[in-house]
Protein chains: 2
Amino acid sequence: MLVVAALGGNALLRRGEPLTAESQRANVKIAAQSLAGIVRAGHQLVITHGNGPQVGLLALQGAAYKPDEAYPLDVLGAETEGMIGYIIEQELENALDHDRPVATLLTQVLVDKDDPAFRKPTKFVGPVYDREEAETRAKAAGWHIAQDGDKWRRVVPSPKPLEIPDMRVLQLLLEQGVVVICAGGGGIPVLRRDDGSLIGVEAVIDKDAASALLARQLGADALLLLTDVDAIYRDFGKDTAESIHELTVDEARSLDLPAGSMGPKLEAAGNFAQSGGISGIGRLEDALAILERRAGTCVIN
Amino acid sequence: MLVVAALGGNALLRRGEPLTAESQRANVKIAAQSLAGIVRAGHQLVITHGNGPQVGLLALQGAAYKPDEAYPLDVLGAETEGMIGYIIEQELENALDHDRPVATLLTQVLVDKDDPAFRKPTKFVGPVYDREEAETRAKAAGWHIAQDGDKWRRVVPSPKPLEIPDMRVLQLLLEQGVVVICAGGGGIPVLRRDDGSLIGVEAVIDKDAASALLARQLGADALLLLTDVDAIYRDFGKDTAESIHELTVDEARSLDLPAGSMGPKLEAAGNFAQSGGISGIGRLEDALAILERRAGTCVIN
């Protein structure tokens, strides 16, 4: 099977950990072992990953040094594709004993300049702050901020991914048996100008949405959205809470979920399942078990 | 012909310019036009680039935000492959009217843990300072520093590149007609452990040396080392100064050059020419003319 596996933020950083190179590498080692299991089981694998904390960190580092020369979000996104892609590639190559080629490709993803997200930023990037500190920083740096749990964070536009222009290169590599890491952080957001040329834009694309688009464009058999929760739950947080083994697309869309991070995952899972593939949501460590429907929540058409 | 073109620092930043995203993009646009000429003339093209100013900038940004959580040079190198590779890829795709696939590959490059460079850092990274400021910063951050012209700069180890483990993926892409951007900043420096696994190391590899290795490993026909000087000069800076059109490997090695940046270029050019290819050194804008031996300095065996 051709499998697209999207690594959630927790693959790189557990809540409360400092965002150091060491902590990212330690977490990626765990992810690499899990993903190596999919390759060893004989499947073709494409890996995507989030970059919310990392792109926020790079923005803060730039502002701390020379705020007047801050880099735009498309360039920072490209930097995170380098940073995170490298660590995943190296740890996965090591986990596979350098038996299989692994390649990390920079990936631009096309968005629409008229996407309403540019008027209403919603995507969290960077660290959490108390409300007062968030407001002070927002005022100083021109941020939009929004509540994340009981804390506050910077938010940036998250337009819908429309097309992956580099698809041809990706397909060439997959045909040759290469494991590909791509579309990191949801891809580098770009607009198409009237003359057909591409130019970067200040945004961060949701990595689950980009991964579902990628899986559709590749004609993948399965999309795995890997996170730190073992499944989707009915009545999450109540005594009657119950994990869900399987959902149809319609059930997934009508499910009453508490506010949080599972919404975008279920939407992406539904979108891909509707195009004929199988979507799985669950724990990073269970990647192969989710693919084989022994763990996690499966969404089918 | 299969051509490896190495973009010097000036492709991204002219002396005295601020290292902003805008100035890098403006310079890369010029480079992209020149490189597109090589592709349009029917040649296969691999592009490499330097990262000295950029890796230094990222280190300074990190230190300005949280010095205790600074990222190691291998990770910063990977970030610059993302940042610079993205801008080159986008501008080259635009210059080629999106007629030809262009891919940017993260590239690890193997070095030796016993390389003497680890005991004697010589590679300049980051901005220039007056001596006093350089010494203050060196003391605070544990840098090594060295004189660069009449200013001072941070220096880091620059071990010799030995092997490019990702060569197989690169070759697959070239066979399919893809223009490849790789080994940015000389590649991400890695060591091989006793068990065969790879791990990053704190260093920055010379991009001309890495480009010569890459060209040899690929069996390329030509290596172009592109910079802001139109050729190698005999008696450079004197009244008798004269540009050199052609050098043999032996002549290149015995040439008496003033101290500066042409030494590593001539060494890389000689190393590649000795393996049977043609090396060219000259202005970025003259890429195709250098390849056709109408401009620059050519080194042959």
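Model, not experiment: these values are computed from the prediction.

Colleague: Would you explain the environment of I87 of chain B in this entry?
Modeller: Residues and elements named next belong to chain B. With respect to the secondary-structure elements, I87 resides in helix 3 (residues 73-95). The buried category is assigned to I87, whose relative accessible area is 2%. For I87 and A70, which are 17 residues apart along the polypeptide, the C-alpha to C-alpha distance reads 25 Å. Not counting the four nearest positions on each side in its chain, I87 is found in contact with Q24, R25 and V28.

Colleague: Please clarify how the relation of the copies chain A and chain B should be interpreted in this entry.
Modeller: Two chain copies here: they are related by a rotation about an axis and a translation along the same axis. Rotating chain A by 180° about the axis while translating it 0.0 Å along that axis superimposes it on chain B, leaving an RMSD of 0.0 Å. A rotation of that kind, with that shift, is consistent with a two-fold axis. Comparing interface residues between copies, 100% of those in chain A also sit at the interface in chain B, which points to an isologous, same-surface contact.

Colleague: Just to check I follow, could you spell out the pattern of salt bridges for this structure?
Modeller: Here the idea is simple: oppositely charged side chains can pair when their charged atoms come close. Summed over the entire model, instances satisfying the criterion amount to 28 salt bridges over all chains. Here K151 of chain B makes a salt bridge to D130 of chain B, at a shortest N to O gap of 2.9 Å. With K151 of chain B in strand 7 (residues 151-156) and D130 of chain B in the loop between strand 5 (123-129) and helix 4 (131-141), the pair connects residues that are 21 residues apart, well separated along the chain. We classify K151 of chain B as partly exposed; its relative accessible area is 30%. Residue classification places D130 of chain B among the partly exposed residues on the basis of a relative accessible area of 46%. A salt bridge links R283 of chain B to D286 of chain B; its shortest N-O distance comes to 3.3 Å. The partly exposed category is assigned to R283 of chain B, whose relative accessible area is 32%. For D286 of chain B, a relative accessible area of 18% puts it in the buried group. One connected set of salt bridges, linked through shared partners, spans R25, K29 and E91 of chain A together with D74 of chain B.

Colleague: Please explain helix 3 of chain B as it appears in this structure.
Modeller: For the α-helix, the turn length of 3.6 residues means that residues three or four positions removed from each other point alike. Its 23 residues place the ends of helix 3 of chain B 32 Å apart at the C-alpha level, agreeing with the 33 Å of an ideal helix rising 1.5 Å per residue. After helix 3 of chain B finishes, the residue D97 of chain B shows a positive phi value of roughly 55°.

Cut-offs used in this document
Residues numbered from 1 in each chain as written. Chains lettered and ligands numbered in written order. Predicted model: local features only at pLDDT ≥ 70, side-chain atom pairs only at ≥ 80, totals over all residues. Heavy atoms only, no water. Helix = DSSP H or I, 4+ residues; strand = E, 2+ residues; numbered from the N terminus. Buried < 20%, exposed > 50% of the residue type's maximum accessible area, 1.4 Å probe, protein only. Contact = heavy atoms within 4.5 Å. Least-squares fit on C-alpha atoms with pLDDT ≥ 70 in both. Salt bridge = Lys/Arg side-chain N within 4 Å of Asp/Glu carboxyl O. Expected span 1.5 Å × (residues − 1).

As far as function goes, none of this settles anything; it's purely spatial.
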